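Inside the fold
Take a look at the letters that make up each chain.
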Amino acid sequence: MIKFREDVNLIQFLREVELCDGEVEFYSGQGDILNLKSVLSRYLFAALTGKKNLLSGGWIRCEKPEDRKRLDQFIKEEKEDE
Amino acid sequence: MSVQDCVEERLLVYLGIAYHGYGLWTWYFSEEGELYYTNCPHEKELQTFFYLGKCLDYAVSQKDQPEIPFLMSDSLGLVWLGEYVAHPGMERRFMVVGPAFQDRSSIFGISDELARMNITQNLQREYLGMLRELPVVSLQQFHSLAKSLHYVNCFVDTGNLEIKLQNFETDKERKVWGSKPVDYEQANHREKMLLQFVRDGNPGYGDVFDIFSRFEEEGYHGQSPVRNVKNRTLIFADQCAHAAMDGGVPVNTAKEIEKEFIGRIERQRTVTALTNLCREMIDTFISQVARHQTDMEMSKTVRECCTYIKSHLSEPLTLKGLARQMGYTEYYLTRKFQKETGTKLLDYIKETRLDYARILLSTTNLSIQQISEKLQFGTRNYFTRIFKEYMGISPMEYRRRAWGGQEE
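Definitions and cut-offs
Residues numbered from 1 in each chain as written. Chains lettered and ligands numbered in written order. Predicted model: local features only at pLDDT ≥ 70, side-chain atom pairs only at ≥ 80, totals over all residues. Heavy atoms only, no water. Helix = DSSP H or I, 4+ residues; strand = E, 2+ residues; numbered from the N terminus. Buried < 20%, exposed > 50% of the residue type's maximum accessible area, 1.4 Å probe, protein only. Contact = heavy atoms within 4.5 Å. Areas by Shrake-Rupley, 256 points an atom, 1.4 Å probe, with all protein chains shown as cover. pLDDT = per-residue confidence, 0-100. Buried area = accessible area lost by both parts, 1.4 Å probe. Salt bridge = Lys/Arg side-chain N within 4 Å of Asp/Glu carboxyl O. Polar contact = N/O pair within 3.5 Å; in protein donor to acceptor, adjacent residues only side chain to side chain. Axes fitted to C-alpha atoms, helices over the stretch in contact; angles between N-to-C directions. Parallel < 35°, antiparallel > 145°, perpendicular 65-115°, else oblique. Nonpolar A, V, L, I, M, F, W, Y, C, P; charged D, E, K, R; others polar. Disulfide = S-S within 2.5 Å. Pairing = 2+ DSSP bridges. Expected span 1.5 Å × (residues − 1). Arc of directions from axis to C-beta.

**Remarks on the overall build of chain A**
- Helix and strand content of chain A: four helices and five strands.
- Walking chain A from its N terminus toward its C terminus, one meets helices and strands in the order β-α-β-β-α-α-β-α-β.
- Evaluated residue by residue, chain A yields a buried proportion of 51% over its 82 residues.
- Sequence-distant contacts, at least 24 apart, represent 66% of the contacts inside chain A between residues at least 6 apart.
- A total accessible area of about 4100 Å² is found for chain A, and carbon and sulfur atoms account for 42% of it.

**Structural notes on the confidence of the model for chain B**
Residues and elements named next belong to chain B.
- In the predicted model, chain B carries a mean pLDDT of 81, and 84% of its residues have values of at least 70.
- The secondary structure element of chain B with the lowest average pLDDT is strand E7 (residues 172–176), at 39, and the one with the highest is strand E1 (residues 26–30), at 93.
- In the model, residues 215–221 has pLDDT below 50 throughout and makes 24 contacts with residues more than four positions away in sequence or in other chains.
- Among the prediction metrics, the complex's ipTM stands at 0.87, with pTM recorded as 0.54.

**Some points on the interface of chain B and chain A**
- Taken together, the contacts link 27 residues of chain B with 23 residues of chain A.
- Of the roughly 2300 Å² buried between chain B and chain A, counting both surfaces, carbon and sulfur atoms make up 62%.
- Our count for the chain B to chain A interface comes out at one salt bridge.
- Counting across the interface, chain B meets chain A through six residue pairs in polar contact (both at pLDDT 80 or more).
- Mapped onto the side of chain B that touches chain A, the elements with two or more residues apiece are helix H2 (43–52), helix H3 (55–61), helix H4 (105–115) and helix H5 (121–132) of chain B.
- With seven residues, the single largest contributor to the side of chain B that touches chain A is H2(B).

**Quick notes on the pattern of salt bridges**
All names here are of chain B.
- Per the counting criterion, the structure on display carries 20 salt bridges over all chains.
- One salt bridge connects Glu8 with Arg93, and the closest N-O pair in it is separated by 3.1 Å. Note that Glu8 is positioned in helix H1 (residues 7–22) and Arg93 in strand E5 (residues 93–101), a separation of 85 residues in sequence.
- The exposure class assigned to Glu8 is partly exposed, which follows from its relative accessible area of 40%.

**A word on the packing of helix H12 (residues 300–311) of chain B against helix H14 (residues 330–341) of chain B**
Residue and element names in this part refer to chain B.
- Between H12 and H14, whose axes approach to 10 Å, the crossing angle comes to 95°. As the angle between them shows, H12 and H14 are arranged roughly perpendicular. Across the interface between the two elements, Thr301, Val302, Cys305 and Cys306 from H12 touch Leu333, Lys336, Phe337, Glu340 and Thr341 from H14.
- Of the residues contributing to the contact of H12 with H14, the split by class is five nonpolar, two polar and two charged.

**Topic: the state of the cysteines**
- A complete count under the given rule lists zero disulfides over all chains for this structure.
- No disulfide involves A:Cys20; its nearest neighbouring cysteine sulfur is the one of A:Cys62, lying 5.7 Å away.
- Looking at A:Cys20, the relative accessible area reads 4%, which means it is buried.
- The thiol of B:Cys240 is unpaired, and the distance to the nearest cysteine sulfur, on B:Cys278, comes to 6.7 Å.
- By relative accessible area, B:Cys240 is classed as buried at 0%.

**Topic: the pairing of E1(B)**
Residue and element names in this part refer to chain B.
- Of all five residues that make up E1, five are buried, and the element is covered over most of its length.
- Burial along E1 is two-sided: Thr26, Tyr28 and Ser30 and Trp27 and Phe29, pointing in opposite directions, are all buried.
- Here E1 pairs with E5 via five bridges, running antiparallel. Bridge pairing in E5 links Ser30 to Arg93.
- Here three bridges tie E1 to strand E2 (residues 35–38), and the two strands are oriented antiparallel to one another. Across the sheet, Trp27 pairs through a bridge with Thr38, a residue of E2.
- Turn length for the E1-E2 hairpin, with the two strands adjacent in sequence and antiparallel, is four residues, and the turn residue Gly33 shows positive phi of about 95°.

**Points about the side chain of B:Glu258**
All names here are of chain B.
- Relative to the helices and strands, Glu258 resides in helix H10 (residues 251–267).
- Glu258 sits in the buried class, given a relative accessible area of 6%.
- Side-chain polar atoms of Glu258 contact the side chain of Lys255, separated by 2.8 Å.
- In contact with Glu258, not counting residues within four places along its chain, are Ala237, Asp238, Ala241 and Phe285.

**Some words on H14(B)**
All names here are of chain B.
- In a regular helix each residue adds 1.5 Å, so 12 residues correspond to 16 Å; H14 covers 16 Å between its end C-alpha atoms and thus fits that length.
- Among all positions in H14, only Leu333, Lys336 and Phe337 are buried. Burial along H14 is one-sided: seen end-on, the buried residues are contained in an arc of 100°. Across from the buried face of H14, at angles greater than 90 degrees, the exposed residues are Tyr331, Arg335 and Lys339.
- Next to the buried residues of H14 lie H12, helix H13 (319–326) and helix H15 (345–363).
- A positive phi of about 80° marks Gly342, the residue just after H14.

Here it is, written out as structure tokens:
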């Protein structure tokens, strides 16, 4: 699980997510799980960008290690999957 | 300085009209898509929406084009208007106005989809709250806004202005709202031709459909292109059903097919999906007419046998039972059936059941297991296997597509 840097460029981030092979999920910390490969979920994710606490309190989980590497530039911290 | 030279001032006035008159925000981007300025309070969220709808990439792709307004739409039903602005002493950039929904029904659709997702009420509320704040501007109003924008930008006559419409689903451009009105007479003629193909059971309608698919979508009382095409297709479904009846298809069969397609038409979300579905609908009606015409060349015994099978699909059907029902021996009936139809009797039963399974998959909530039991396929695995052999896709996938689930 990885956490965002606060100054992340969301559009750039989503462009990279589109290139990921496996699933990429966002865990909001409030019980929401958004599959960022789904169009509707990406819109929901975008709507969170205005709510700083919701976004910065969330975690990203990549299904594939190579996708995790792709998103390296956006990462602030990392923890083991629960 | 003359009014002609005051581009910045004119655009500023336009910005005020767009905001105060329609509730629309204005955005300025560099040719590369970098945001320079916006008066939108939800800058981050909506700029990301602009990207997600592929509108940003589309606008950037227009940088080598002359100054012509373009309308962009996304899968939520949001519309944005853009045009490049280039004047001496000013860096070329594009101006965008939006977003707005074309009608409130888009929000209801989103709300239904959210309810099916694994997200908290809190997030649903936040998201819908933001969407409800967005203005509703009809396409006709956007058309006027596009003309005004072009006028303040280029200071030229906009009488014959053609506006580009970016359709993100196909990444194709379509010209909309030219000065040309809908040619109802020609459209009516094309529809009649298509219906004649259905009546005759003739599958060679390709060219006519190509023309038909470009038929203007105005005049069907919808507030969006998708709704307009939906309305048109719904009307056409009924016309096709009647043409099929004229071609000899039994009323119940034609009405069942019509009912199946009406459900599927309502669930589609894009013009492209509707156009494809319309073609599938015509194919289905035509094949039914062709099948019926073949039926008419059959003997009374074989016709009765077919009717019996169709009305007893939910019951176990055996060759022995069918032969007894028709008053012949099993050997005689199966040979006669194959000779007249070119299909083995058991294959005919299986294919008729699979046709009915398609209707149940697309029009009911019955599970795959329930459908396989109802139509005497025995196990779900067997049903899935032969359905896949017959249709090329699994029952689940067929249902997903029939319910308009291509997006996710």
